[in-house]
Amino acid sequence: CTRRRFDLRLHADEWIAFDPLGAQDPAWTTGDFEPITFSDEPACGPHDAVLNLGLKLVGGISIREYQTEAEGVAYSQLTVHGVIDDDGNRVPVIPGTSWAGALLARCKDTRVVQSYGNHAITLFGTVNEQTKEQMRSRVIIDESTVSGGTWKAYTRNSIDRFTGGTVDTALYSEEMYWGGTTKLVLTIRNVSQLCNDPSAALRPLVATLADLHNGFLAVGGHTAVGRGMFAIDQERSTVLVGGTNVTQEFFRAFLGNASNGFAQPNVAAVAKLLSEEPQTKGG
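Read on for a plain summary of the structure. This is a predicted model, so every value here is computed, not measured. (Residues numbered from 1 in each chain as written. Predicted model: local features only at pLDDT ≥ 70, side-chain atom pairs only at ≥ 80, totals over all residues. Heavy atoms only, no water.)

## What to know about the packing of aromatic side chains
In the structure shown here, the tally under the stated rule is six aromatic pairs. Measuring from centroid to centroid gives 5.7 Å for Phe216 and Phe262, while their planes differ by 10°, and the two rings are stacked. With Phe216 in the loop between α5 (198-214) and β14 (229-241) and Phe262 in the loop between α6 (247-254) and α7 (267-275), this pair connects stretches of sequence that are 46 residues apart. The partly exposed category is assigned to Phe262, whose relative accessible area is 35%. With a centroid separation of 5.3 Å and 15° between ring planes, the pair formed by Phe250 and Phe254 is classed as stacked. Linking Phe250 with Phe254, this pair stays in helix α6, spanning four residues, or about one helical turn. By relative accessible area, Phe254 is classed as buried at 1%. Through pairs of rings, three or more aromatic residues link up here, namely Phe250, Phe251 and Phe254. (Phe/Tyr/Trp six-rings, centres within 6.5 Å; stacked < 30°, edge-to-face > 60°. Helix = DSSP H or I, 4+ residues; strand = E, 2+ residues; numbered from the N terminus. Buried < 20%, exposed > 50% of the residue type's maximum accessible area, 1.4 Å probe, protein only.)

See the structure below:
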């Protein structure tokens, strides 16, 4: 990757004229800077917890991308425009904001709050509408690309939202992505500084991840008809706390009480594992 920097005090006109999508744009090659490289493994600071969870899509998913043109489907799976896979297909993407919205909503659910306390603000931050005071989210979620599945498009009768009946001569087309795998990369910054009791603050999030694995928490659109359900794949997952790999310990507590295909995690044990910094050997 390359980058182009502009000092707007000196190069405002160049910035306005710059075409980031232009092929062979000379602005990309000017300046002296190091090339940007990326790693497949998420960075884990000494006080962070990183959950790199492999997910299997159970059924289909619809992250809505609305269409304003007369032709084509009414809405389709969100994709990265201009990015294609080895077979020439568009790459479906679940934005980090979609993950964050789903996890936050479940952490604020009445049943979760009654069982594990209200820690949504501690984890995901907030903005005070009166004082405008802001608290940054401690949870950072990457976007997830889905691969290994297939695109499906279908057409059905359009439904009148007021009567619940079909609209005469009106059809509705939709495109979704069916099957495949992805990864949910979730980073919790400075876990030990979440609050006076970081372990307690993480319990709603652990319970929410269990709901995701068990199919009780879906992501995207059409969740009422079974879209957007995932299962966590232990073999494709990595859990780091302060840079130390605790994957086996995590899943031993997360899946240890599984029965009939459902995870019944020891929420307190998993939260404690994620909130405790690994002990330094020697000294």
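## Remarks on the sheet that holds β14
Read across the sheet, five strands follow the order β9-β13-β1-β14-β15 without closing on themselves; strand pairing throughout is antiparallel. With one partner strand each, in any of the chains shown, β9 (139-141) and β15 (244-245) form the two edges of the open sheet. Both strand β1 (residues 49-58) and strand β13 (residues 181-188) contribute to a ladder of eight bridges, which runs antiparallel. Bridge assignment links Gly54 to a residue of β13, and that residue is Lys183. (Pairing = 2+ DSSP bridges.)

## Description of the packing of α5 against α7
Contact geometry for α5 and α7: axes closest at 8 Å, N-to-C directions at 120°. In this view, α5 runs oblique relative to α7, as classed from their interaxial angle. As for the relative orientation of α5 and α7, their crossing is right-handed in sense. Facing Pro198, Ser199, Leu202, Arg203 and Val206 of α5, the residues of α7 in contact are Val267, Ala268, Val270, Ala271, Lys272, Leu274 and Ser275. Taken together, the residues of the contact of α5 with α7 sort by class into eight nonpolar, two polar and two charged. (Axes fitted to C-alpha atoms, helices over the stretch in contact; angles between N-to-C directions. Parallel < 35°, antiparallel > 145°, perpendicular 65-115°, else oblique. Left-handed = near helix turned anticlockwise from the far one by under 90°. Contact = heavy atoms within 4.5 Å. Nonpolar A, V, L, I, M, F, W, Y, C, P; charged D, E, K, R; others polar.)

## Let's talk about the side chain of Asp211
Secondary-structure assignment places Asp211 in helix α5. Apart from residues no more than four positions distant in its own chain, Asp211 is found in contact with Arg106, Phe216 and Leu217.

## Notes on the pattern of salt bridges
Across all of its chains, the model carries five salt bridges by this definition. Arg9 is the salt-bridge partner of Asp7, the closest N and O atoms lying 3.0 Å from each other. (Salt bridge = Lys/Arg side-chain N within 4 Å of Asp/Glu carboxyl O.)

## A closer look at the nonpolar core
Among the nonpolar cores identified, the biggest contains 45 residues, and Leu53, Trp99, Phe230 and Leu274 are the most heavily contacted of them. When residues of this core are assigned to their parent elements, the largest contribution, seven residues, is made by α5. The residues touching Phe230, leaving out its near neighbours within four places in the chain, are Leu55, Lys56, Leu57, Val58, Ile61, Ile94, Trp99, Thr182, Leu212, His213, Gly215 and Val219. (Core = buried A, V, L, I, M, F, W, Y, C linked by side-chain atoms within 4.5 Å.)

## Details of the environment of Pro198
Locating Pro198 in the fold gives a position in helix α5. The spatial distance from the C-alpha of Pro198 to the C-alpha of Ser275 is 5.9 Å, given a sequence separation of 77 residues. In this structure, Pro198 is in contact with Val191, Ser192 and Ser275, ignoring residues within four places of it in sequence.

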